[in-house]
Amino acid sequence: MTQTYKVGNVSIGEGMPKICAPLTGTNVDEILEECKMIRASAVDLVEWRVDFFDDALLTDRVLATLPKIKEVLEDLPLIFSFRTAEEGGEKKITDKQYVSLNKAVAVSGHVHIIDIELFRGKNVVEELVTAAKESQIYTIISNHDFNRTPEMEELIRRVTSAIELGGDFPKLAVMPQREEDLLTVLKASLQMKRTYPEQAIIMIAMGSLGMISRLSGEIFGSAITFASVRNASAPGQISVTDMKSILQLIHDAK
Ligand SMILES: O=C1C[C@@](O)(C(=O)O)C[C@@H](O)[C@@H]1O
């Protein structure tokens, strides 16, 4: 039985996968406009993809923007993600900046979850997991490959490392090149769900070929799915409205 993580008012790890919409605005006005649209939609969580923000490398500007976002989103749980250029994000950032930005955000009290990239290395990940725990917020430990899908054993190895490093939600997003890659992701997801039944895991195959993986989380064991309200933050995301009705259909059929 998957452990349920209570993030704000949302229970992650039970029932239908929870829908998360990304904020991809480049300035405060755009971001707040997106927040309003998201607030009026059927999302469960919001991800601030801060790497889209022009001032992402200025911690003061990021910290000043967070309360404005919270004001519009009200009680919707917020994930903070700086997706680095190495993993398909918009900007480069040094390890030092990455750690200090995420730490400042963790202690700010304005976010519920921070996303830490597995490949930033053990030291960075451990330092940020500790900081998050001290601030009583959750962590996603993530890994992305926008070009290909690694072998099944490698997918399992990455998710297992994320669990061993103390992440609350291990997350993998990879790009299938052929139909078999999609099956590999679903199979890895199911295997992880069976091996770690108490763990809420997020497994995504991106692009049009991977779309099924975004819909089938309740079957194969993926606790959060990403869908868009205005702009997609990754290939293959569908609209929140379509996502909600498909997840409901699958849920009702169970
Ligand atoms: O890691 C993920 C998943 C994602 O890459 C996707 O494929 O939906 C979208 C990103 O915004 C998010 O940080």
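Preceding block: the structure.
Predicted, not measured: the structure shown is a model, and the values here were computed from it.

Trainee: Can you explain the packing of aromatic side chains? Please cite residues and give values.
Mentor: To describe a pair of aromatic rings, one takes the distance between the centres and the angle between the planes. Counting across every chain of the model gives five aromatic pairs. On the basis of an interplanar angle of 50 degrees and a centroid distance of 5.8 Å, the ring pair of Tyr138 and Phe169 is categorised as tilted. Of this pair, Tyr138 sits in strand E7 (residues 138-145) while Phe169 sits in strand E8 (residues 169-174); the two residues are 31 residues apart in sequence, bridging distant segments of the chain. On the accessibility criterion, Tyr138 (23% relative accessible area) is partly exposed. In this structure an aromatic cluster arises from ring pairing among Tyr5, Tyr138 and Phe169. Here the basic side chain of Arg120 rests over the ring of Tyr98, its NZ or CZ set 4.8 Å away from the ring centre.

Trainee: I'd love a proper account of the pairing of strand E5 (residues 78-81), names of residues and values included.
Mentor: When a strand is regular, its side chains alternate between the sheet's two faces. With burial as the criterion, each face of E5 is covered, one bearing Leu78 and Phe80 and the other bearing Ile79 and Ser81. Pairing of strand E4 (residues 45-49) with E5, which is carried by four bridges, proceeds in the parallel orientation. Across the sheet, the residue bridging to Trp48 is Phe80, located in E5. For the segment spanning E4, helix H2 (residues 59-73) and E5, crossover handedness is right-handed. Looking at chain direction, E5 and strand E6 (residues 113-117) are connected through three bridges and run parallel. By the bridge assignment for E6, Ser81 is matched with Asp115. Handedness of the E5-helix H3 (residues 95-108)-E6 crossover: right-handed.

Trainee: Describe the pattern of salt bridges, naming the residues involved and giving the relevant values.
Mentor: In this structure the tally under the stated criterion is 16 salt bridges. The closest approach of N and O atoms between Arg120 and Glu86, which form a salt bridge, is 4.0 Å. Residue Arg120 is found in the loop between E6 and helix H4 (122-134), and its partner Glu86 is found in the loop between E5 and H3; the two are separated by 34 residues along the sequence. What makes Arg120 buried here is its relative accessible area of 13%. Residue Glu86 is classed as exposed on the basis of its relative accessible area of 52%. Measuring nitrogen to oxygen at the nearest pair gives 2.9 Å for the salt bridge that ties Arg157 to Glu154. Taken as a pair, Arg157 and Glu154 lie in helix H5 (residues 152-164) at a separation of three residues, close to a single helical turn. With relative accessibility at 46%, the residue Arg157 sits in the partly exposed group.

Cut-offs applied
Residues numbered from 1 in each chain as written. Predicted model: local features only at pLDDT ≥ 70, side-chain atom pairs only at ≥ 80, totals over all residues. Heavy atoms only, no water. Phe/Tyr/Trp six-rings, centres within 6.5 Å; stacked < 30°, edge-to-face > 60°. Helix = DSSP H or I, 4+ residues; strand = E, 2+ residues; numbered from the N terminus. Buried < 20%, exposed > 50% of the residue type's maximum accessible area, 1.4 Å probe, protein only. Lys NZ or Arg CZ within 6 Å of the ring centre and 35° of its normal. Pairing = 2+ DSSP bridges. Right-handed = clockwise from strand over helix to strand, strands pointing away. Salt bridge = Lys/Arg side-chain N within 4 Å of Asp/Glu carboxyl O.

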